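Fold and geometry: a report
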Amino acid sequence: MSASTISIARDLFKMFWNEERDAEVRAFAKAPMFRPMEYILQTVIPEIVEAVFFCTIIYVFSFYFVDHLAPKGLNQLKRNKLCYQITNFFANLLLGTAGFYYNAQLNESPTPQELVQKEGMHFFASFQLGYQFWAIPVGLLFVKEDPLMILHHVAVIFAASTMVFFTNGMRYWAPFVLGCVEICSVPLAVMNAFKDNQDWIKKYPEYYLYVRTAFALIFIHVRVWMFIPRNCMQMYDHVMTWSNSDNTVYQIYSFLVFFSSLFLTFLQVKWGYLIVRGFVKMYADLLVGNKRMKAKTA
């Protein structure tokens, strides 16, 4: 069973004064930069291709669902967006559920070597890379996705690449930071479908309220409360390894990975703030509306 968020935050606090542990982690900088090339070519690359294929198949078949079951009159852009959101829903449902399952199997008291050089668990990074490689061209060409989300996709590519290609890949954290966090995107896909089709909100206001509430609660708990201390611990060990390496290429690329992780953490905090603000406003408006309704009927 994996460690709790509180114990991880406590361990993170202790790490800053643990010179013995820091010395052990710094020693991992001497390890080869890449995992065995045979393993990358025979296992990792095929997994990335399979993820791209998986997303493409869902996206293509989603048009059949949209054309037969969705309300009529959707223009091509809305059809593309809805199919994109359906693909996001299933891809993130797979990552999220698998993430919680494998995260629960992790050693509760991992050694520094297990945290930095653990083998296995790279499926999450492989799938994330495949998904991002699929999402960027589809988002740009067919969906007109927000530039900030395109940057998010690029940042995830940098962050996930270390887990599949590097010896010091921090794969212990993969089930959570690349798996569990995506469970938030399941209600988000549904919520975005509502936002892109305003008549759905008018027709099913209670369902939209439930989805927004579920998304807000899950996001704050998983992507802020649980994610930030885990990602900070991962980033700390990541910096301790590459900053002590003699390989300049490794240092430069790892700095880009570190910057990407900072960017992703910043996005979680920013989005968390906006979600809380919107959540409070939504229920405040609902409360005011109910009071006005009662005043009229009194």
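Here the structure is a predicted model, which means the values were calculated and not measured.

What follows concerns the overall build of the protein chain. Per the secondary structure count, the protein chain includes twelve helices and zero strands. Secondary structure elements in the protein chain, listed N-terminal to C-terminal, are α-α-α-α-α-α-α-α-α-α-α-α. Reported as C-alpha extents along the three principal axes, the dimensions of the protein chain are approximately 70 × 45 × 30 Å. Counting only residues that meet the buried cut, the protein chain has 49% of its 298 residues in that class. When contacts within the protein chain are restricted to residue pairs at least 6 apart in sequence, long-range pairs at least 24 apart make up 82% of them. For the protein chain, the accessible area works out to roughly 15,600 Å², and carbon and sulfur atoms hold 69% of it. Across the protein chain, the 26 positively charged side chains and the 21 negatively charged ones have centroids separated by 15 Å.

Turning our eyes to something else, we now look at the state of the cysteines. Within the structure shown, the criterion is met by zero disulfides. The thiol of Cys83 is not disulfide-bonded; the next cysteine sulfur, from Cys55, is found 14 Å away. On the basis of relative accessibility, which here comes to 0%, the residue Cys83 falls in the buried class. The closest cysteine sulfur to the non-disulfide-bonded Cys184 is located on Cys180, 9.6 Å from its own sulfur. Looking at Cys184, the relative accessible area reads 1%, which means it is buried.

What follows is about the environment of Leu274. Relative to the elements of secondary structure, Leu274 occurs in helix 12 (residues 248–297). Residues Leu274 and Ala216, spaced 58 residues apart in sequence, show a C-alpha to C-alpha distance of 9.8 Å.

Here we take up empty space enclosed by the protein. Summed over all chains, the structure comprises two cavities of 30 Å³ or more. In this model, the largest cavity occupies a volume close to 200 Å³. Along its surface, the largest cavity is lined by 17 residues, and Val156, Val177, Leu178, Phe227 and Leu264 are the ones closest to its centre. Of all elements in the fold, only helix 7 (147–165), helix 11 (205–242) and helix 12 reach the threshold of two or more residues within the lining of the largest cavity. Within the lining of the largest cavity, the residues separate by chemical class into nine nonpolar, six polar and two charged. In this structure, the second largest cavity spans a volume of roughly 70 Å³. Around the second largest cavity sit Ala159, Thr162, Met170, Gln234, Met235, His238, Val257 and Ser261, which together line it. Of all the elements in the fold, those that place two or more residues in the lining of the second largest cavity are helix 7, helix 11 and helix 12. Looking at which element gives the most residues to the lining of the second largest cavity, the answer is helix 11, with three residues. Tallied by class, the residues present in the lining of the second largest cavity amount to four nonpolar, four polar and no charged.

Relative to the assigned elements, His238 resides in helix 11. By relative accessible area, which is 5% here, His238 ends up buried. Dropping the residues within four chain positions of it, His238 is found in contact with Thr162, Met170, Ser254, Val257 and Phe258.

Ranked by size, the top nonpolar core spans 71 residues in total, and within it Leu82, Trp134, Trp173 and Phe176 carry the most contacts. Not counting residues within four places of it along the chain, the set of residues in contact with Trp173 comprises Ile8, Leu115, Met163, Leu178, Arg230, Met233 and Gln234.

Size it by volume and the largest pocket reaches roughly 1,000 Å³. For the largest pocket, the lining is made up of 37 residues, of which Met149, Leu188, Asn192, Phe215 and Trp271 are closest to its centre. Of all elements in the fold, only helix 4 (76–103), helix 6 (123–143), helix 7, helix 9 (185–196), helix 11 and helix 12 reach the threshold of two or more residues within the lining of the largest pocket. For the lining of the largest pocket, the leading source of residues is helix 9, giving seven residues. Of the residues assigned to the lining of the largest pocket, the class counts are 18 nonpolar, ten polar and nine charged.

What follows covers the packing of helix 4 against helix 9. Where helix 4 meets helix 9, the closest approach of the two axes is 8 Å, and the angle between their N-to-C directions is 170°. When the interaxial angle is binned, helix 4 and helix 9 end up roughly antiparallel. Here helix 4 runs over helix 9; the crossing is left-handed. Across from Lys78, Lys81, Leu82, Gln85, Asn88, Phe89, Asn92 and Leu93 in helix 4, the residues of helix 9 making contact are Ser185, Val186, Ala189, Val190, Asn192, Ala193 and Asp196.

Definitions and limits used
- Residues numbered from 1 in each chain as written.
- Predicted model: local features only at pLDDT ≥ 70, side-chain atom pairs only at ≥ 80, totals over all residues.
- Heavy atoms only, no water.
- Helix = DSSP H or I, 4+ residues; strand = E, 2+ residues; numbered from the N terminus.
- Buried < 20%, exposed > 50% of the residue type's maximum accessible area, 1.4 Å probe, protein only.
- Contact = heavy atoms within 4.5 Å.
- Areas by Shrake-Rupley, 256 points an atom, 1.4 Å probe, with all protein chains shown as cover.
- Lys, Arg positive; Asp, Glu negative; His and termini not counted.
- Charge placed at Lys NZ, Arg CZ, Asp CG, Glu CD.
- Disulfide = S-S within 2.5 Å.
- 1 Å grid on protein atoms, 1.4 Å probe; cavity = no way out; pocket = protein on both sides within 12 Å on 5 of 7 lines; lining within 4 Å.
- Points joined across faces, edges and corners; volume = space filled by probe spheres on them.
- Nonpolar A, V, L, I, M, F, W, Y, C, P; charged D, E, K, R; others polar.
- Core = buried A, V, L, I, M, F, W, Y, C linked by side-chain atoms within 4.5 Å.
- Axes fitted to C-alpha atoms, helices over the stretch in contact; angles between N-to-C directions.
- Parallel < 35°, antiparallel > 145°, perpendicular 65-115°, else oblique.
- Left-handed = near helix turned anticlockwise from the far one by under 90°.

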